[in-house]
Amino acid sequence: TKFTVGDYLAERLAQMGIRHHFVVPGDYNLVLLDKLSAHPALTEIGCTNELNCSLAAEGYARANGVSVCVVTFSVGALSAFNGTGSAFAENLPLILVSGGPNTNDASEHHLLHHTMGTSDYTYQYEMAKKITCCAVAIPRAEEAPRLIDRAIRHALLAKKPCYIEIPTNLSGAICVRPGPIDAVTEPVTSSKPALEAAANCAAEYLSGKQKAVILVGPKLRRAGVDAEKALLDLANAMGCAVAVQPAAKGMFPENHKQFVGTWWGQVSTLAADSIVNWADAIICVGTVFTDYSTVGWKAIPDIPLMTVEMDHVTFPGAHFSRVRLAEFLSHLASQVTPNGTTMIEYERLRPDPPMVHVAAKEDVLTRKETSRQIQNMLSANTSLFVETGDSWFNGIQLKLPPGAQFEIEMQWGHIGWSIPAAFGYAMRCPERRTIIMVGDGSFQVTAQEVSQMVRFKLPITILLMNNRGYTIEVEIHDGSYNKIQNWNYALLVEAFNGGTGHAKGLLANTAGELADALRVAGENSEGPTLIECTIDQDDCSRELITWGHYSSELSAALSSLPATPIL
Ligand SMILES: C/C(NCc1cnc(C)nc1N)=C(/S)[C@H](O)COP(=O)(O)OP(=O)(O)O
Ligand SMILES: [Mg+2]
């Protein structure tokens, strides 16, 4: 049989370790989908819509390192742009592939279905350029190898999404076979002189300091599989306190003796803020300081920083390009002199473990009791997804046992992300126990993807925190718009079974009912189990109230008049 453009893409995806491709079919991509599903190493995963398809691919990339989402032109791609934006914001190489109009139509000024109704079809490619690190539209089959390889390589190096548009008449066009995959996947290594110079600068930066801490940010994990190990080596070599930003929870082991908690200003955990504020040197590794992670700009380090990024290192007064994060940390680990001052001080500050109240079986269910029971089910095999909402704060308060994984989407913050993202993640890691903490408002955005968990028999446990509305928004700025229609969530999930599935929908109004429901979930290995936890609409974490208070100042800042009056 002839080798085609679609086969070229399929082979490249398989060569780089992708085993599942997330799709929604449409007549602009059907031939392409035939080629992809014909590849022995690829399994086609259909999704209910393109928003969920792109978010499922985003979740898959968290587990696999790279993912692909294949949609139809315009009506499909514009929804998939949202999950692509998430991948950009979260530093994930998601490959967005869209079918496109037949290359013969433009010159005929044909009006085509699914388009804006004009004969200019370039708008999608132009938009994709803005939300990816590389966008290509294949004009003819001869250029497919060069353009496909270029887009994928950019995505892998930048840890950002890329865009590949394949006209519907080119997927089946003759194409040459791909060369070695190294040409696409081989990483860029550090410049040796720059690495040395940066390490010398670090030694100088640290030499005059007494109280160094390490602050870990969400880009650490995105810097590659050896990045977390390199950080551990540096932490062990230094002996100093190590704090994580909220979006980096789980990227440093929480049972490590030098772990001092999540640094998040007034809503830090384990008094991490006290030791970070005490430090006279902060090594920021993959950190991201945003309005949310600094609690409305209130918690920003106010001392000169050393920052280690994915491909450069900066100091007060110095910048070193092309220094890879993992290589730099490992190199530094072999050079630094131990300085445990901040750990000695922290042991004096470390808060005593809180008294945990165990509710009686008949007690009305509370947020705290729900968190306590979730804490007890976390294990080395758990992957916990926490959704935008009070679930952020409740999830971040939990203590991760060694090996447990934690996934959060704090930069993009698209409510509903956790359902498709956990589904995509679980397709890649079916052996792990995936648990989702999600609010009622978020669940309503992407609930359809639970039906794919039924279809692929994924034993995902969904803790649906039903506080009757958009509570985070209530805390930031209340209004009529924070009210939503309540659903019978347990019934909805059972409706997805369609006569053959094994989803279970349970309602927990008391502590005892939650305990029973979690037992049922633990035994359901054939499909998802949703447990609707009904809690009072004002039963939110104190961190949310504190953060919300400062963020309402933030939202006031967001709505503040422009600094320079517009004349
Ligand atoms: C509406 C919105 N954010 C605005 C928003 C709106 N649209 C999208 C796609 N993403 C967003 N973050 C948010 S955080 C709601 O409070 C979420 O409500 P819910 O899931 O019920 O969680 P809580 O009750 O714990 O807040
Ligand atoms: Mg809610």
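Residues numbered from 1 in each chain as written. Chains lettered and ligands numbered in written order. Predicted model: local features only at pLDDT ≥ 70, side-chain atom pairs only at ≥ 80, totals over all residues. Heavy atoms only, no water.

### Considering the sheet that holds strand 7 (residues 212–216)
Sheet strands pair via backbone hydrogen bonds, and the direction of the pair is either parallel or antiparallel. Rule in force here: Strands are treated as partners if at least two bridges between them are detected by DSSP. Each helix is a run of H or I in the DSSP string that is no shorter than four residues. Each strand is a run of E no shorter than two, and both are numbered from the N terminus. To get an axis, a line is fitted to the C-alpha atoms, and for a helix only the part in contact is used. The angle between two axes follows their N-to-C directions and goes from 0 to 180 degrees.
Read across the open sheet, the seven strands follow the order 9-8-7-10-11-12-13; overall the sheet is mixed. Each edge of the sheet is formed by a strand with only one pairing partner; in this case those strands are strand 9 (259–262) and strand 13 (318–321). Looking at each pair of strands side by side, their axes are set apart by 15° on average, direction ignored.

### Comments concerning the packing of helix 3 (residues 50–64) against helix 16 (residues 418–428)
Counted only if it meets this: When an angle is under 35 degrees it counts as roughly parallel; over 145 it counts as roughly antiparallel; between 65 and 115 it counts as roughly perpendicular; any other value is oblique. When the near helix sits turned anticlockwise from the far one by under a right angle, the crossing is termed left-handed; a clockwise turn instead gives a right-handed crossing. Residue contacts are defined here by distance: any two heavy atoms, one from each residue, within 4.5 Å place the two residues in contact. Only Asp, Glu, Lys and Arg are considered charged, only Ala, Val, Leu, Ile, Met, Phe, Trp, Tyr, Cys and Pro nonpolar, and every remaining residue, Gly among them, polar.
Running from amino to carboxyl end, helix 3 crosses helix 16 at an angle of 45°, the nearest separation of the two axes being 6 Å. With respect to helix 16, the element helix 3 is oriented oblique. In terms of crossing hand, the pair formed by helix 3 and helix 16 is right-handed. Where helix 3 approaches helix 16, its residues Asn52, Leu55, Ala56, Glu58, Gly59, Tyr60, Arg62, Ala63 and Asn64 are matched on the opposing element by Pro420, Ala421, Phe423, Gly424, Tyr425 and Arg428. A class-by-class count of the residues in the contact of helix 3 with helix 16 yields eight nonpolar, four polar and three charged.

### Quick notes on the coordination of the magnesium ion (ligand 2)
Short version of the rule: Distances define the donors: N, O and S atoms within 2.8 Å of the metal qualify, as do those within 3.2 Å of Na, K or Ca. Water is excluded, so some sites may look unfinished. Working definition: with a 1.4 Å probe on protein chains only, accessible area under 20% of the residue-type maximum means buried, over 50% means exposed, and in between means partly exposed.
At this site the magnesium ion (ligand 2) is bound by Asp440 (OD), Asn467 (OD1) and Gly469 (O), with donor distances of 2.1 Å. Written as a sequence motif, the donor residues of the magnesium ion (ligand 2) are D-x26-N-x1-G. Placement of Asp440 in helix 17 (residues 440–446) and of Gly469 in the loop between strand 17 (461–466) and helix 19 (471–476) is noted, with a sequence separation of 29 residues between them. Like Asp440, the residue Gly469 is buried in the burial classification.

### Looking at helix 10 (residues 227–238)
An α-helix turns once every 3.6 residues. As a result, residues three or four positions apart point the same way. What counts here: Helices are assigned an expected span. That span is 1.5 Å times one less than the residue count. By definition, the arc is the one covered by directions from the helix axis to the C-beta atoms.
For helix 10, which comprises twelve residues, the first-to-last C-alpha distance of 17 Å matches the rise-based estimate of 16 Å (1.5 Å per residue) to within 8%. Buried residues of helix 10: Ala227, Ala230, Leu231, Leu234, Ala235, Ala237 and Met238, and no others. Looking straight down helix 10, one finds its buried side chains confined to an arc of 165°; they lie on one side. Here the buried face of helix 10 lies against helix 8 (192–207), strand 7, helix 9 (219–222), strand 8 (241–244), strand 10 (281–285) and helix 12 (325–333). Once helix 10 finishes, Gly239 follows within two positions and takes phi at roughly 75°, a positive value.

### Considering the side chain of Glu409
Under the convention used in this document: Under the counting rule used here, the positive set is Lys and Arg, the negative set is Asp and Glu, and His together with the chain ends is not counted. Definition used for salt bridges: Asp or Glu carboxyl oxygen within 4 Å of a side-chain nitrogen of Lys or Arg. N or O atoms closer than or at 3.5 Å make up a polar contact, with two conditions inside protein: a donor-capable atom paired with an acceptor-capable one, and, for residues adjacent in sequence, both atoms drawn from side chains.
With respect to the secondary-structure elements, Glu409 resides in the loop between strand 15 (405–408) and helix 16. Here Glu409 is buried and forms no salt bridge, its nearest opposite-charge partner Arg62 lying at an N-O distance of 5.7 Å. Here the side chain of Glu409 touches His414 through a polar contact of 2.8 Å, landing on its backbone nitrogen.

### Description of the pairing of strand 3 (residues 67–71)
Heads up, the condition is: By convention, a crossover is right-handed whenever its connection, traced from the first strand over the helix to the second and viewed with the strands pointing away, goes clockwise.
Counting buried residues in strand 3 gives five out of five residues, a clear majority hidden from the surface. Of the two faces of strand 3, the one carrying Ser67, Cys69 and Val71 and the one carrying Val68 and Val70 are both buried. Across two bridges, strand 1 (residues 20–23) lies against strand 3 in parallel orientation. Residue pairing for strand 3: Val23 is matched across the bridge by Val70. Where strand 3 and strand 4 (residues 94–100) come together, five bridges link them in parallel fashion. Bridging from a neighbouring strand, Val70 pairs with Val97 of strand 4. In this region the chain leaves strand 3, passes through helix 4 (residues 77–89) and returns to the parallel neighbour strand 4; the handedness of that crossover is right-handed.

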